[in-house]
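Descriptive structure summary
One letter stands for each residue in the lines below.
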There are 12 protein chains.
Amino acid sequence: MSQITSPLPADKQKTTGEALQGTVIDLLDLSLTGKQAHWNLIGRNFRALHLQLDEIVATARTYADSAAERAVAIGVNPDGRAATIARDSRIGGLDAGYIEDGKVVSAFTDILGGIIGRMRERVQVTEEADPISQDLLIEITQELEKHHWMVQAQR
Amino acid sequence: MSQITSPLPADKQKTTGEALQGTVIDLLDLSLTGKQAHWNLIGRNFRALHLQLDEIVATARTYADSAAERAVAIGVNPDGRAATIARDSRIGGLDAGYIEDGKVVSAFTDILGGIIGRMRERVQVTEEADPISQDLLIEITQELEKHHWMVQAQR
Amino acid sequence: MSQITSPLPADKQKTTGEALQGTVIDLLDLSLTGKQAHWNLIGRNFRALHLQLDEIVATARTYADSAAERAVAIGVNPDGRAATIARDSRIGGLDAGYIEDGKVVSAFTDILGGIIGRMRERVQVTEEADPISQDLLIEITQELEKHHWMVQAQR
Amino acid sequence: MSQITSPLPADKQKTTGEALQGTVIDLLDLSLTGKQAHWNLIGRNFRALHLQLDEIVATARTYADSAAERAVAIGVNPDGRAATIARDSRIGGLDAGYIEDGKVVSAFTDILGGIIGRMRERVQVTEEADPISQDLLIEITQELEKHHWMVQAQR
Amino acid sequence: MSQITSPLPADKQKTTGEALQGTVIDLLDLSLTGKQAHWNLIGRNFRALHLQLDEIVATARTYADSAAERAVAIGVNPDGRAATIARDSRIGGLDAGYIEDGKVVSAFTDILGGIIGRMRERVQVTEEADPISQDLLIEITQELEKHHWMVQAQR
Amino acid sequence: MSQITSPLPADKQKTTGEALQGTVIDLLDLSLTGKQAHWNLIGRNFRALHLQLDEIVATARTYADSAAERAVAIGVNPDGRAATIARDSRIGGLDAGYIEDGKVVSAFTDILGGIIGRMRERVQVTEEADPISQDLLIEITQELEKHHWMVQAQR
Amino acid sequence: MSQITSPLPADKQKTTGEALQGTVIDLLDLSLTGKQAHWNLIGRNFRALHLQLDEIVATARTYADSAAERAVAIGVNPDGRAATIARDSRIGGLDAGYIEDGKVVSAFTDILGGIIGRMRERVQVTEEADPISQDLLIEITQELEKHHWMVQAQR
Amino acid sequence: MSQITSPLPADKQKTTGEALQGTVIDLLDLSLTGKQAHWNLIGRNFRALHLQLDEIVATARTYADSAAERAVAIGVNPDGRAATIARDSRIGGLDAGYIEDGKVVSAFTDILGGIIGRMRERVQVTEEADPISQDLLIEITQELEKHHWMVQAQR
Amino acid sequence: MSQITSPLPADKQKTTGEALQGTVIDLLDLSLTGKQAHWNLIGRNFRALHLQLDEIVATARTYADSAAERAVAIGVNPDGRAATIARDSRIGGLDAGYIEDGKVVSAFTDILGGIIGRMRERVQVTEEADPISQDLLIEITQELEKHHWMVQAQR
Amino acid sequence: MSQITSPLPADKQKTTGEALQGTVIDLLDLSLTGKQAHWNLIGRNFRALHLQLDEIVATARTYADSAAERAVAIGVNPDGRAATIARDSRIGGLDAGYIEDGKVVSAFTDILGGIIGRMRERVQVTEEADPISQDLLIEITQELEKHHWMVQAQR
Amino acid sequence: MSQITSPLPADKQKTTGEALQGTVIDLLDLSLTGKQAHWNLIGRNFRALHLQLDEIVATARTYADSAAERAVAIGVNPDGRAATIARDSRIGGLDAGYIEDGKVVSAFTDILGGIIGRMRERVQVTEEADPISQDLLIEITQELEKHHWMVQAQR
Amino acid sequence: MSQITSPLPADKQKTTGEALQGTVIDLLDLSLTGKQAHWNLIGRNFRALHLQLDEIVATARTYADSAAERAVAIGVNPDGRAATIARDSRIGGLDAGYIEDGKVVSAFTDILGGIIGRMRERVQVTEEADPISQDLLIEITQELEKHHWMVQAQR
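Residues numbered from 1 in each chain as written. Chains lettered and ligands numbered in written order. Predicted model: local features only at pLDDT ≥ 70, side-chain atom pairs only at ≥ 80, totals over all residues. Heavy atoms only, no water.

**Structural notes on the overall build of chain A**
Worth spelling out the cut-off: Secondary structure elements are taken from DSSP: a helix is a run of H or I of four residues or more, a strand is a run of E of two residues or more, and numbering for both begins at the N terminus. In this scheme, a residue with accessible area under 20% of its type's maximum is buried, one over 50% is exposed, and one in between is partly exposed, where area comes from a 1.4 Å probe on protein chains only. In this analysis, two residues are considered to be in contact whenever any of their non-hydrogen atoms come within 4.5 Å of each other. Method for areas: the Shrake-Rupley scheme with a 1.4 Å probe, in which residue coverage is limited to the protein chains shown. His residues and chain termini do not enter the charge count, which takes Lys and Arg as positive and Asp and Glu as negative. Charged groups are reduced to one reference atom each: NZ for lysine, CZ for arginine, CG for aspartic acid, CD for glutamic acid.
Of regular secondary structure, chain A possesses five helices and two strands. Reading chain A from its N terminus to its C terminus gives the helix and strand order α-β-α-α-β-α-α. Taking the principal axes of the C-alpha coordinates as reference, chain A spans close to 55 × 30 × 20 Å. A total of 155 residues make up chain A; the buried ones form 68% of that total. The long-range share in chain A, meaning contacts at least 24 apart out of those at least 6 apart in sequence, stands at 83%. Put simply, chain A shows about 5200 Å² of open surface, and 47% of that area lies on carbon and sulfur atoms. Taking the 16 positively charged and 22 negatively charged side chains of chain A as two groups, their mean positions are separated by 4 Å.

**Some words on the packing of aromatic side chains**
In plain terms, the rule: Aromatic pairing here means that ring centres of Phe, Tyr or Trp (its six-membered ring) are within 6.5 Å. Orientation follows from the plane angle: under 30 degrees is stacked, over 60 is edge-to-face, and everything else is tilted.
The final tally for this structure, using the stated rule, is 12 aromatic pairs over all chains. Ring geometry for Trp149 of chain F and Phe46 of chain L: centres 5.9 Å apart, planes at 75°, overall edge-to-face. Residue Trp149 of chain F is located in helix α5 (residues 131-152), and its partner Phe46 of chain L is located in helix α2 (residues 46-73); the two belong to separate chains. The class for Phe46 of chain L is buried, based on a relative accessible area of 1%.

**A few points about the arrangement of the chains**
The two units chain B and chain G are non-contacting; their minimal C-alpha-C-alpha distance is 39 Å. With no contact formed, the shortest span from any C-alpha in chain G to any C-alpha in chain L equals 26 Å.

**Quick look at the interface of chain B and chain A**
Just so we agree on the cut-off: Joining two parts hides part of their accessible area as seen by a 1.4 Å probe, and the buried area is that hidden amount summed over both. A carboxyl oxygen of Asp or Glu within 4 Å of a side-chain nitrogen of Lys or Arg is what we treat as a salt bridge. Under the rule applied, a polar contact is a pair of N or O atoms within 3.5 Å (in protein, one hydrogen donor and one hydrogen acceptor; residues adjacent in sequence only if both atoms are side-chain atoms).
Taken together, the contact pairs 37 residues of chain B with 37 residues of chain A. Looking only at chain B, the three residues that lose the most surface to chain A are Trp39, Arg81 and Tyr98 of chain B, adding up to 25% of its buried area. Counting every contact that joins chain B to chain A gives two salt bridges. A salt bridge links Lys35 of chain A to Asp65 of chain B, with the shortest nitrogen-to-oxygen separation between them at 2.7 Å. The interface formed by chain B and chain A holds 16 residue pairs in polar contact (both at pLDDT 80 or more) in total. Elements with a minimum of two residues in the side of chain B that touches chain A: α1 (10-40), α2 (46-73) and α3 (82-88) of chain B.

**Some thoughts on the relation of the copies chain D and chain G**
The criterion, for reference: Least-squares fitting of one copy onto the other uses the C-alpha atoms of those residues that reach a pLDDT of at least 70 in both copies.
By a simple turn and slide, chain D fits onto chain G: the slide is 0.0 Å along the axis, the RMSD is 0.0 Å, and the turn is 120°. Both copies are brought into coincidence by an operation consistent with a three-fold rotation axis. Of every C-alpha in chain D, the one belonging to Ala48 of chain D sits nearest the axis of rotation, 4.0 Å from it. Comparing contact sets, just 10% of the residues at the interface of chain D also lie at the interface in chain G, consistent with a heterologous contact between different surfaces.

**Let's talk about the interface of chain D and chain G**
Between chain D and chain G, the contact holds 10 residues from the first and nine residues from the second. The junction of chain D with chain G conceals about 870 Å² of combined surface from both sides, 51% of it contributed by carbon and sulfur atoms. Counting the surface chain D buries against chain G, the share from its top three residues, Trp149, Ala153 and Gln154 of chain D, is 45%. Summed over the shared surface of chain D and chain G, the number is two salt bridges. For Arg47 of chain G, the salt bridge identified is with Glu55 of chain D, shortest N-O distance 3.2 Å. Summed over the shared surface of chain D and chain G, the result is four residue pairs in polar contact (both at pLDDT 80 or more). Counting residues per element, the ones that place at least two in the side of chain D that touches chain G are α2 (46-73) and α5 (131-152) of chain D.

**A closer look at the side chain of Gln134 of chain C**
Residue and element names in this part refer to chain C. The residue Gln134 is located in helix α5 (residues 131-152) in this model. Among the polar contacts listed, one links the side chain of Gln134 to the backbone oxygen of Val123, at a separation of 3.2 Å. With residues near it in sequence (within four places) discarded, Gln134 still touches Val123, Thr126 and Glu127.

**Some points on the packing of helix α1 (residues 10-40) of chain I against helix α1 (residues 10-40) of chain K**
To be explicit about the condition: Axis geometry follows a simple rule: fit a line to the C-alpha atoms, using only the stretch in contact for helices, then measure angles between N-to-C directions, giving values from 0 to 180 degrees. With respect to orientation, any angle under 35 degrees is reported as roughly parallel, any angle over 145 as roughly antiparallel, any angle of 65 to 115 as roughly perpendicular, and every other angle as oblique. Rotating anticlockwise by less than a right angle from the far helix to the near helix defines a left-handed crossing, while the corresponding clockwise rotation defines a right-handed one. Ten residue types, Ala, Val, Leu, Ile, Met, Phe, Trp, Tyr, Cys and Pro, are classed as nonpolar, four, Asp, Glu, Lys and Arg, as charged, and the remainder, Gly among them, as polar.
With their axes 13 Å apart at the nearest point, α1 of chain I and α1 of chain K run at an angle of 155° to one another. Put simply, α1 of chain I runs roughly antiparallel to α1 of chain K. Crossing hand, α1 of chain I versus α1 of chain K: right-handed. In contact with Val24, Leu28, Leu32 and Trp39 of chain I of α1 of chain I, α1 of chain K contributes Val24, Leu28, Leu32 and Trp39 of chain K. Considering only residue class, the contact of α1 of chain I with α1 of chain K consists of eight nonpolar, no polar and no charged.

**Comments concerning the environment of Asn45 of chain J**
Mapped onto the elements of the fold, Asn45 of chain J is located in the loop between β1 (41-42) and α2 (46-73). Once you skip the residues sitting within four places of it in the chain, Asn45 of chain J turns out to touch Arg44 and Asn45 of chain H, Asp101 of chain J together with Asn45 of chain K. At 3.0 Å, the side chain of Asn45 of chain J and the backbone oxygen of Arg44 of chain H are in polar contact.

**Thoughts on the UniProt feature "domain: Ferritin/DPS" (unreviewed entry) in chain A**
We count it as follows: UniProt positions are given in the numbering used here, feature names are shortened, and annotations may be inferred rather than shown by experiment.
The positions UniProt marks with the feature "domain: Ferritin/DPS" (unreviewed entry) are residues 18-154 of chain A. The annotated region residues 18-154 of chain A carries 80% helix and 3% strand content, and the separation between its end C-alpha atoms amounts to 34 Å.

**A closer look at the relation of the copies chain B and chain A**
Note on the identical chains: chain B maps onto chain A by a rotation of 180° and an axial translation of 0.0 Å, with an RMSD of 0.0 Å. When the rotation and shift are considered jointly, the pair of chain copies conforms to a two-fold rotation axis. No C-alpha of chain B lies nearer the rotation axis than that of Ala82 of chain B, which sits 3.0 Å from it. An overlap of 100% is found between the interface residues of chain B and their copies at the interface of chain A, pointing to a shared contact surface.

**Topic: the packing of helix α1 (residues 10-40) of chain C against helix α4 (residues 101-129) of chain C**
Residue and element names in this part refer to chain C. Orientation of α1 relative to α4, taken along the N-to-C sense of each, is 165°, at an axis distance of 9 Å. Here α1 lies roughly antiparallel to α4, going by the angle between them. Along this stretch, α1 crosses α4, giving a crossing that reads as left-handed. Residues Lys12, Thr15, Thr16, Ala19, Gly22, Thr23, Asp26, Leu30, Thr33, Gly34 and Ala37 of α1 form the contact with α4, whose participating residues are Val104, Phe108, Ile111, Leu112, Ile115, Arg118, Met119, Arg122, Val125, Thr126, Glu128 and Ala129.

**Considerations on the environment of Ala96 of chain F**
Its location among the elements puts Ala96 of chain F in the loop between α3 (82-88) and β2 (99-100). If we ignore the near neighbours within four places in the chain, the residues touching Ala96 of chain F are Asp79 and Arg81 of chain E.

**Details of helix α5 (residues 131-152) of chain B**
Helical geometry: 3.6 residues make up each α-helical turn, so side chains three or four residues apart lie on a common side. Test applied: Here, expected helix span is obtained from the residue count minus one, scaled by 1.5 Å.
For α5 of chain B, which comprises 22 residues, the first-to-last C-alpha distance of 31 Å matches the rise-based estimate of 32 Å (1.5 Å per residue) to within 8%. The buried fraction of α5 of chain B is high, at 18 of 22 residues.

**Some remarks on a negative patch on the surface**
This is how it is decided: Within the patch definition used here, like charges are joined within 9 Å and nonpolar side chains (Val, Leu, Ile, Met, Phe, Trp, Tyr) within 5 Å, considering only residues with over 30% relative accessible area and no salt bridge.
Taken together, the side chains of Glu127 and Glu128 of chain A, Glu127 and Glu128 of chain K together with Glu127 and Glu128 of chain L define an acidic patch exposed on the protein surface. When contributions to the negative patch are tallied by element, the ones reaching two or more residues are α4 (101-129) of chain A, α4 (101-129) of chain K together with α4 (101-129) of chain L. Here Glu127 of chain K lies in helix α4.

**Some words on the pattern of salt bridges**
Scanning the entire structure with this criterion turns up 168 salt bridges over all chains. One salt bridge connects Asp54 of chain B with Lys35 of chain B, and the closest N-O pair in it is separated by 2.9 Å. Of the two residues, Asp54 of chain B sits in helix α2 while Lys35 of chain B sits in helix α1, which places them 19 residues apart along the sequence. A relative accessible area of 30% places Asp54 of chain B in the partly exposed class. Taking the shortest distance from any N to any O, the salt bridge between Lys14 of chain J and Glu18 of chain J comes out at 2.9 Å. Here the residue Lys14 of chain J and the residue Glu18 of chain J both occupy positions in helix α1 (residues 10-40), the gap between them amounting to four residues, near one helical turn. The burial state of Lys14 of chain J is the same as that of Glu18 of chain J; both residues are exposed.

Quick look at the structure:
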């Protein structure tokens with residue numbers, strides 16, 4: 001079977017591929033968790049958070065796609081299957097059932113904070129390995145830190 | 001904690017809630033599987049299938065949202081978390097790595113065929129239980145059967 | 001004077017016509033009541049509810065028009081004059097003057113709940129009488145139940 | 001309960017508030033009456049009048065909203081409830097049932113003529129009381145006189 | 001040669017397929033007849049009818065496509081060739097040459113009335129056979145009955 | 001009955017009218033045949049051809065309308081009724097049932113080639129008779145020759 | 001003062017320049033006359049003609065601009081000043097005051113018929129002189145003959 | 001022949017009608033003169049002025065229409081025929097042939113200055129006569145004074 | 001250096017110029033203060049106020065531009081430099097650092113209230129001096145009073 | 001290897017193919033030269049010319065594509081490779097480095113004048129050979145002569 | 001009072017915060033200065049510069065917002081109040097009154113040159129401190145250097 | 001002659017200027033080569049590749065413009081004339097005449113692979129020299145590597 005050739009040597013491809021695959025998992029799970037809260041949310045701030053969560057989901061979906069397509073562009077197969085997300089995701093997740101607005105604010109402050117920490121590491125390790133991929137990771141981190149502020153500002 | 005009151009009596013709410021939750025899982029996993037193939041696809045028909053898979057993903061995302069919001073509107077909590085999808089989905093899934101275009105055609109013919117079978121059962125059981133929800137399930141089935149034909153026509 | 005011929009026999013036309021006229025009155029009064037609250041609302045949640053009420057009004061206006069045009073299409077004259085609404089509407093209405101945000105949430109939870117109850121009866125009685133009209137009534141009920149959830153989630 | 005402070009002294013607020021409330025009633029009833037004719041119209045000129053009535057309704061709805069929001073902006077509660085319209089409106093109204101195109105033309109020539117007369121009085125009394133509100137009333141009158149001409153030109 | 005598999009058993013597929021093929025023929029002939037009148041129309045009401053006929057043609061084209069794609073989605077080949085339309089259509093048709101506006105109104109009142117009668121039978125026979133297809137037929141009938149009213153209102 | 005006066009003398013009107021009527025028949029049948037293939041198509045190239053056929057249909061519909069309106073503008077009644085198309089069309093047509101992608105390519109290469117031949121004759125005979133109509137026929141031929149190339153390039 | 005050089009020899013420039021200047025005068029006066037009728041129109045067909053006249057005015061303005069810019073592109077100064085139009089226009093014009101709808105139909109049938117006659121002469125004389133300008137004159141004539149048919153069809 | 005009734009008494013109607021008719025003539029001639037310069041302009045600043053003149057023409061056309069429709073709405077017939085413009089316009093006009101950019105700047109500074117002077121008188125005389133028309137005249141003057149500044153700033 | 005000539009005599013120009021310059025300063029400072037709060041806001045109502053402040057800023061920027069361009073159109077130089085704003089603004093301003101949502105509501109109720117008071121004086125003094133400028137000031141006041149109500153309604 | 005069949009006999013195909021290939025080269029080089037000036041331009045008229053050059057480039061790119069696709073539609077291979085342009089182009093070209101605005105005006109007056117001369121010859125030779133291609137060449141010439149005037153008007 | 005947590009350690013937060021605050025001041029003052037020149041500009045190049053200045057203002061406003069929101073996202077309060085700008089800005093500013101076009105070109109060449117110098121320093125100091133913020137500063141510098149070229153090219 | 005001042009010292013300007021000029025040549029030749037294949041392509045995959053090549057051309061044209069404008073912004077003259085491209089381009093190019101789809105896939109896999117190699121060197125050498133320009137080169141490389149994957153995936 002033909003393969004996609006990589007512009008990177010093997011070790012740099014491996015480092016970069018792992019950073020991108022980690023990003024794909026973080027963002028896909030963020031999109032699922034964001035929708036889970038979007039649906040089960042209750043409380044006085046329902047409307048504001050319901051809309052805000054959809055903007056977070058939109059960011060997560062767009063950049064999961066960018067990171068996965070970037071992975072295959074350097075010859076690494078992204079894996080975004082449900083079982084892989086369930087196994088590899090480091091997002092703590094939400095309980096089933098209704099979620100009060102205040103809890104959504106703290107949960108997503110933590111979830112976004114966690115992803116941002118991992119993204120900043122990925123930015124660091126790809127600086128040498130692949131500045132082209134690093135630039136995408138920086139752009140994603142910028143967007144996530146903006147959402148982090150806007151969620152957190154409601155505490 | 002306050003709850004959403006249901007326009008349905010308990011037994012009809014239960015039947016309808018299960019049909020909607022089953023739909024949510026089918027469609028969320030379809031969206032993840034569709035993206036997995038969208039990224040890892042290779043072969044002469046790459047471009048046509050790459051675009052077609054994104055249309056399937058768009059349908060899956062839109063109606064997963066409709067079905068989940070319909071569930072909460074009848075007082076049932078939808079569950080679309082990664083672990084729940086991984087546990088409950090009856091979609092067979094794809095192997096990791098590159099996928100040839102011909103395999104994508106057969107895989108999605110099967111996946112869509114399977115979902116359609118389950119959707120038609122859900123349409124049947126909700127006829128009595130909740131014609132309002134049934135109407136949404138019919139609309140979703142119509143869209144899925146259209147995608148099923150358009151994938152299958154390429155065999 | 002010429003009249004619009006009906007595709008329905010007289011008894012089915014009568015049943016369906018009453019269901020549609022009832023819908024027209026419910027939705028026109030919902031649109032007037034929604035605007036009344038949109039204007040006189042006060043409280044911390046002003047902005048969210050002010051915007052949400054306008055979405056309810058938009059739904060009410062669009063479907064009042066659909067239901068009325070559906071009535072005339074089956075040869076029944078819809079009546080949406082102010083005096084008719086004032087006389088026939090079963091929506092409890094609002095007091096004059098400023099309305100606090102919390103009261104708007106409970107008032108519209110009740111108002112929407114009442115309309116939904118009547119809509120579900122109309123869906124039932126038109127199943128035999130005119131499935132073409134029933135389909136429109138189902139679509140309207142779907143939209144109203146979505147608004148009902150989103151208002152109620154703020155309690 | 002908090003209230004909206006007014007930029008106007010009490011007497012000017014009262015004069016202006018009455019002019020705006022009168023406008024709200026006139027325009028809401030115009031929108032209901034316009035729809036009533038839009039639905040029940042018959043005759044050779046059906047299509048032209050059906051569309052023209054919807055433009056009149058659009059004007060009526062837009063400016064009813066502007067006038068009501070202007071009222072609350074000067075600390076006066078607008079009242080647009082069905083019972084208030086039915087009680088206070090000075091629009092003669094239409095009979096139930098089909099309405100021939102020629103009758104629609106004369107009815108709306110009269111209805112618009114009546115509203116315009118009242119609007120010109122409101123423009124006069126607010127000149128002193130509140131030039132900011134007067135400017136809105138002038139704009140509304142301009143639009144209504146344009147519709148008046150275009151309906152009347154068909155006689 | 002490969003074929004499209006059907007979600008329906010053979011007898012239900014046959015019933016549904018005939019209903020859809022009948023719809024395709026009715027709507028394609030409606031689109032051709034509508035254009036014939038759009039071009040050859042004369043009389044005082046030229047402009048209103050010229051535009052209205054194009055809206056009928058747009059409806060006919062859109063739903064002929066939906067019905068035909070629905071047929072192939074259940075494994076039945078739609079047939080919309082000129083000879084098939086000429087042979088199978090039950091629309092009476094128009095004489096060649098100029099057509100006066102009054103005649104267009106009566107001709108399309110009859111043509112639409114005829115199609116609506118056949119559509120309501122198709123809605124009935126597919127209720128059991130395929131509720132997914134029935135839903136599309138209901139939607140088409142709704143649109144046609146709206147056009148029927150608006151043409152007829154001009155008599 | 002009033003008639004549309006022609007800017008052309010009788011013989012030139014006749015020549016031009018025949019060229020335009022021939023164009024109307026060719027393009028209407030092309031639109032019906034294009035849809036027939038759009039629906040019944042199967043094979044590896046399904047998606048590309050399914051979309052390309054719709055672009056051909058769009059061209060055919062747009063210019064059938066232009067040619068027919070041009071005919072009536074010179075006082076000649078276009079005839080686009082199903083029976084006329086079935087009787088006069090020189091397009092060979094397609095067999096009923098599924099059509100493989102390769103056959104679609106050859107069939108439409110032939111169909112478009114045939115129409116182009118007739119269009120070039122019409123361009124020639126109208127040069128003298130009516131340069132205004134000729135200009136439209138040239139524009140149509142340009143578009144058809146572009147489609148001809150793009151279908152043919154796939155052989 | 002610098003001048004625009006012409007791609008044409010002097011005699012051809014003169015012939016073409018006169019054809020274009022004649023077109024400019026015809027179209028500018030058509031735009032003024034069309035607006036005059038648009039404003040002063042009365043009668044049952046008011047709305048249809050009021051809108052149709054604005055489409056004629058839009059055509060006239062667009063192509064007056066094209067013809068004038070074409071003139072200067074071949075080094076000839078177009079003259080569209082009010083006094084020139086008043087002096088040179090061969091359009092009969094309208095009486096002051098209200099104009100009944102029937103009179104508008106005959107007046108514009110004549111006005112457009114007159115311009116079309118002059119345009120066809122201009123098309124003929126520029127065939128030799130400048131085929132580039134002739135192509136624009138053909139396009140303008142096509143549009144005017146379409147308006148001519150649509151006005152005339154209402155007689 | 002039916003007439004448009006006026007909301008104004010005869011003397012106020014006369015005063016206002018003259019102000020509006022004067023405005024129509026000024027603006028129609030401004031639109032013709034603006035196009036004349038748009039076409040015949042030469043010089044270093046060609047592009048800036050060519051575009052700016054088209055914005056002036058757009059303003060002139062839009063408000064000529066508003067003023068004329070306002071006139072008929074108060075029962076006065078606007079007159080915008082070429083001969084009337086040529087006879088009544090007080091705009092000095094331009095010489096035939098090429099016009100240098102510097103001359104365009106001074107000519108339009110003068111032309112706009114002249115119209116503004118007349119508009120300010122019309123604003124004054126309509127204050128009493130018809131504040132509804134006055135509001136339109138004020139809006140037109142505002143736009144013209146903006147163009148006046150932007151032309152003049154280039155001197 | 002050339003200057004912009006004024007349509008106003010010197011004293012009226014001075015009065016009007018001061019009113020416009022005061023407006024420019026008020027609105028520019030409102031836009032800066034609005035952004036300051038938009039960025040530093042915290043609290044439960046973060047999202048609603050964050051968006052609402054941007055709408056206030058948009059209004060402020062748009063009308064600062066209109067007022068400044070109006071000033072130069074009457075020959076008066078607007079001054080919107082940072083030092084001038086800092087020196088002349090009568091808006092109290094905000095403290096540095098985070099601002100709680102409740103404080104934003106009271107601060108902007110006061111700020112808008114203050115500007116409205118000054119705008120109503122400017123409306124009064126320009127009535128005689130320049131009704132054209134007055135009309136713009138009225139429009140601005142209308143918008144500011146709407147924002148004032150919508151901020152205040154949240155107390 | 002399959003080839004595109006031509007609707008033209010060999011000699012007419014050759015004549016037309018050469019005219020189209022010449023057009024492709026002229027327009028591709030115009031697009032490159034236009035960009036070269038767009039980037040390296042300096043002088044007082046920078047902004048106007050910078051924007052105007054991009055409009056010329058847009059015209060050149062659009063019609064180079066049309067002419068090349070027209071060539072292949074008649075079975076002739078267009079050649080737009082850099083080496084072919086460099087070898088065959090008859091556009092004199094520009095010196096490297098900054099170009100003053102005045103020089104850009106004279107250079108593009110000459111370049112466009114040269115292309116127009118060659119286009120008019122191509123229009124002539126294709127009249128017999130292929131009126132369908134001629135029509136495209138006429139349209140291109142029309143656009144180029146408009147740009148020629150607008151560049152030249154700035155001298 | 002709650003605060004926004006920073007993803008950066010204190011020293012890096014301080015360095016980055018100062019770079020962002022400096023950017024906010026530079027860009028807000030650029031937007032005010034740009035408007036000042038946009039309004040008070042005179043001279044032959046008025047229109048080109050008037051439009052170009054608005055593009056500079058749009059850039060300045062957009063990125064002032066981005067930089068300020070970036071600051072708060074890392075837990076630093078941006079300060080964009082008028083007094084702060086007046087105190088801290090290092091942009092020289094403009095004199096009051098009319099400004100000739102040539103002076104605008106030199107003034108903005110200097111102003112943009114100065115900001116670019118400071119931006120390049122900020123890019124350098126944030127490379128270590130926060131590559132996420134650095135990326136935004138790079139993007140801003142890119143845009144400013146483009147404006148710098150386009151202003152300067154007009155000297 | 002005035003020149004554009006550079007924000008860079010001479011050696012860094014030289015390094016960066018060469019990287020940008022190399023990019024301009026690569027991308028302009030890619031745009032020409034992409035169009036050459038877009039026109040002369042044949043084979044089963046015609047439609048997919050024909051569209052994909054136009055997306056590559058769009059990317060090439062957009063970024064050639066960005067790179068060239070970036071060059072002049074740092075005071076270096078870009079050179080994109082046909083002769084320069086023909087002389088300096090390192091893209092191998094295509095043979096004249098028809099090109100089969102499979103060959104297009106290999107040719108563009110190679111061409112894009114070659115450009116990507118050179119772009120990654122340019123990214124490296126500009127890291128020190130000019131991080132502002134480097135950021136643009138990174139963005140271009142990201143886009144090209146995406147196209148490279150999507151072409152290659154079809155092998």
